[in-house]
Amino acid sequence: MTLGCKLNQYDSEMVLAQFRAAGCETVENASDADLCIVNTCSVTTTAERKVRNTLRSVYRKNPKAKILVIGCTAERTPETLSGFPGVIGIVGNAEKEHILEIIKRYAESKTPVIEVGGVSQSVKWTDQVRLDGLLGRTRSFLKVQDGCSQFCTYCIVPKLRGRGRSQPISEAVDHASYLIDKGFKEIVLTGCALGTYGFDFEMSDGLTRLLVALDKIPGSHRIRLGSVEPWAVTADFLRVIADSERICPHLHIPLQSCDDSVLRRMNRRYRVADIREILDSAFRLREDWGFGSDIIVGFPGETDEQFENTRAFLYDSRISYLHVFPFSSRPGTAATKLPGFIESGLKQNRVKQLAALDAELRKRFYERHLGKSCRVLFENRYVNGLLAGHADNYLDVYIVPSPGLIGKHVEVKIEKLSTDGVEGALHEREEP
Ligand code: SF4
């Protein structure tokens, strides 16, 4: 079971690949398994509560199974997790790359194992198992970065995932080419802090260079970026995307706040003027961007006025959707020591206000597409009998199913709004 982010989904596949290579089989239900692996997340207190609930539920479903806990919560509170019924091992983020050796040690000694902490020494990119894709048969993640050296004051990631490290460009191009040859039509670049890609090679524009290299791979695929920190979104970076036929004009930029004083306390290295410049420059280059963002509300000391600055900026922006999180204090991070604790009721009230704004921004985004046509990749996914896919800019598009659409890039004319996207009709089929 995988909890948390896309990177965790990738890591789970990497772990499973090691077990499969050793002749193990995966089963659908925990109740049929000899070994259950739970890959955990620690990003908020809620995420950690989910980890504990998941461990209890796995044990209830299969009291005979042995449970192995891996990932970020394993890294953060190994002793606590080792006390859960059924748990035979706790394996940290660096150690999971050698999980078979660890499980063999358990098999020999029959003593629960705790192997964590090595991530603090992880300073270089290590070879990854080459995965055959991950998001189904149409789209695949490609992990090109791990860890983070930025130390935003609220974030526990640098402690749990280690220093920022990037896959060399040539290796990323090789792996992407391999996935494209396998027939994947969308490659989604992922990492812990993708916007810091290349910083460990002293390359301040590493992500731009990576995109330039990936853009040269021939084929009928598209490339999508996972979350990219604002400091990586330079004029050159935007131009490379805007000029490309393959790189999606979709950016998820975790702004976290749109108030300078809050950004300073978060140790984020950009200001509201930079955010404005990013959006203005992007829309000067092309009109069809999809922009998403993460926002934290109730950061210590966030006044009503500072929250309102964020809300008002977003309201006036052309951002298409928001993911909103109440601030969650993570032990060991600098933000825990900041004054100005915001009580839960006020945080929830701010979450509600931004959730309403998210709905408004999405509606405006959908409406901008009415009557226009856009390129859509349909997946093997149906909602209310309609086939679902994403446009290049991540617009959710639905269409009446017809044969041969799945896994193809097709032009769709947008006709009407639906509850969480738009509905359209086939415009003109691109040659496969
Ligand atoms: S850049 Fe992202 S991962 Fe790195 S410390 Fe800041 S929030 Fe955490």
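Numbering of residues begins from 1 in every chain and follows the order in which that chain's sequence is written. Selection of residues for local features in this predicted model requires a pLDDT of at least 70, selection of side-chain atom pairs for listing and counting requires 80 or more, and totals for whole chains, interfaces and linings are taken over all residues. Processing note: side-chain calculations cover all non-hydrogen atoms of the structure and skip hydrogens and water entirely.

Asks: How do you make sense of the overall build of the chain when you look at a structure like this?
Replies: Tallying secondary structure elements over the chain gives 13 helices and 17 strands in all. Atoms considered for the radius of gyration are the C-alpha atoms alone. The globule rule reads 2.2 Å times the number of residues to the power 0.38. Computed over C-alpha atoms, the radius of gyration of the chain comes to 22 Å, within 12% of the 22 Å expected from 2.2 N^0.38 for 432 residues, which places it in the range of a compact globule. For the chain, the proportion of contacts with a sequence separation of at least 24, taken over those separated by at least 6, is 71%. Residue exposure ignores everything except the shown protein chains as possible cover, and the areas themselves are Shrake-Rupley values with a 1.4 Å probe. A total accessible area of about 19500 Å² is found for the chain, and carbon and sulfur atoms account for 51% of it. Residues counted as positive are Lys and Arg, residues counted as negative are Asp and Glu, and His and the chain ends are not counted. The atom standing in for a charge is NZ when the residue is Lys, CZ when it is Arg, CG when it is Asp and CD when it is Glu. One finds the centroid of the 58 positive side-chain charges in the chain at a distance of 4 Å from the centroid of its 56 negative side-chain charges. In this description a helix means any DSSP run of H or I spanning at least four residues, a strand means any run of E spanning at least two, and both kinds are numbered starting from the N terminus. Should any heavy atoms of two residues lie within 4.5 Å, those residues are counted as being in contact.

Asks: What is the right way to read the sheet that holds strand β3 (residues 87-91) from this model?
Replies: Here we have four strands laid out as an open sheet, ordered β1-β2-β3-β4, and parallel in their pairing. Edge positions in the sheet fall to β1 (35-40) and β4 (113-115), since each of these pairs with one other strand and no more. For this sheet the average axis-to-axis angle between neighbouring strands, irrespective of direction, equals 15°. Only strands joined by at least two bridges in the DSSP assignment are considered to pair. Note that β3 and β4 share three bridges and pair parallel. Counterpart to I90 in the pairing with β4 is I114. Only the contacting stretch of a helix is used when fitting its axis, a line to C-alpha atoms as for every element, and angles between N-to-C directions run 0 to 180 degrees. Taken strand by strand, helix α1 (residues 6-21) contacts β1 and β2 (66-71), and its axis lies near 155° from that of β1. Helix α2 (residues 45-61) rests against β1 and β2 of the sheet, and its axis sits at about 170° to β1.

Asks: What am I meant to see in the sheet that holds strand β12 (residues 321-326) here?
Replies: Strand pairing in a sheet relies on backbone hydrogen bonds, with the paired strands running either antiparallel or parallel. What the three strands build is an open sheet, ordered β10-β11-β12; its pairing is parallel. The strands lining the two open edges of the sheet, one partner per strand, are β10 (250-252) and β12. On average, each strand axis in the sheet is tilted by 10° relative to the strand beside it, whichever way the strands run. Note that β10 and strand β11 (residues 290-297) share three bridges and pair parallel. Looking at β11, one finds that H250 is bridged to G290.

Asks: Explain the domain arrangement of the chain to me, please; I cannot follow it from the model alone.
Replies: When the parts of a complex come together, some accessible area is lost, and that lost area is often used as the size of the interface. The split into domains, and so the bounds of each, comes from an automatic or database assignment of domains. The assigned domain composition of the chain is domain 1 (6-120), domain 2 (122-248), domain 3 (261-266 + 275-368) and domain 4 (373-429). On a C-alpha basis, the centroid separation for the pair domain 1 and domain 3 is 34 Å. Contact residues are listed per partner, giving six residues for domain 1 and four residues for domain 3. For any pair of parts, buried area is found by adding up, for both, the accessible area (1.4 Å probe) each one loses once the two are put together. When domain 1 packs against domain 3, the two sides together hide about 370 Å² of surface, and 44% of this comes from carbon and sulfur. Its largest share of buried area at the contact with domain 3, domain 1 owes to T44, T45 and R76, together 77% of the area lost on that side.

Asks: Just to check I follow, could you spell out the nonpolar core for this structure?
Replies: Soluble globular proteins tend to bury their nonpolar side chains together. Each nonpolar core is a collection of buried residues, namely Ala, Val, Leu, Ile, Met, Phe, Trp, Tyr and Cys, held together in the definition by side-chain atoms within 4.5 Å. Each residue gets one of three labels from its accessible area relative to the maximum for its type: buried under 20%, exposed over 50%, partly exposed in between, using a 1.4 Å probe on protein chains only. Ranked by size, the top nonpolar core spans 56 residues in total, and within it L189, L225 and F291 carry the most contacts. Per-domain counts for this core show at least three residues from each of domain 2 (122-248) and domain 3 (261-266 + 275-368). Beyond its immediate chain neighbours, meaning those up to four positions away, L225 contacts L189, L194, L207, L211, F237, I241 and L251.

Asks: Help me out: how do you make sense of the environment of F313 in this one?
Replies: Here F313 is to be found in helix α12 (residues 304-316). As a C-alpha pair, F313 and V272 span 41 residues in sequence and 8.7 Å in three-dimensional space. In this structure F313 touches C258, V272, I275, R276 and L279, once residues within four positions along its chain are discounted.

Asks: Which parts of the structure should I look at to understand the site of the ligand?
Replies: Only heavy atoms are used to decide nearness, and a residue is near a molecule or strand if one of them lies within 4 Å of it. For the ligand, the full set of nearby residues is C148, Q150, F151, C152, Y154, C155, V157, P158, E229, W231 and R268. When grouped by side-chain class, the residues that make up the shell around the ligand number eight nonpolar, one polar and two charged. Throughout this entry, Asp, Glu, Lys and Arg are counted as charged residues, while Ala, Val, Leu, Ile, Met, Phe, Trp, Tyr, Cys and Pro are counted as nonpolar. The remaining residues, Gly among them, count as polar.

Asks: So what exactly am I meant to see when it comes to the packing of α12 against helix α13 (residues 344-368) here?
Replies: Angle between the axes and distance between the axes: these two values describe a pair of packed helices. Across the interface, α12 lies against α13 with an axial gap of 10 Å and an inter-helix angle of 10°. Considering their axes alone, α12 and α13 lie roughly parallel with respect to each other. Across from D304, F307, R311, L314 and Y315 in α12, the residues of α13 making contact are L346, R350, Q353, L354, L357, L361 and R364. Along the lines of polarity and charge, the residues of the contact of α12 with α13 split into seven nonpolar, one polar and four charged. Small angles under 35 degrees read as roughly parallel and large ones over 145 as roughly antiparallel, with 65 to 115 read as roughly perpendicular and the rest as oblique.

Asks: Looking at this model, I keep getting lost on the packing of helix α7 (residues 169-181) against helix α8 (residues 206-215). Mind explaining?
Replies: Where α7 meets α8, the axes come as close as 10 Å, and the angle between the chain directions of the two elements is 40°. Taken as axis vectors, α7 and α8 run oblique relative to one another. Crossing hand, α7 versus α8: right-handed. On α8, the residues touching I169, A172, V173 and A176 of α7 are G206, R209, L210, A213 and L214. Residue composition of the contact of α7 with α8, grouped by class: seven nonpolar, one polar and one charged. By convention, the crossing between two helices is left-handed when the near helix turns anticlockwise from the far helix through less than a right angle, and right-handed when the turn is clockwise.

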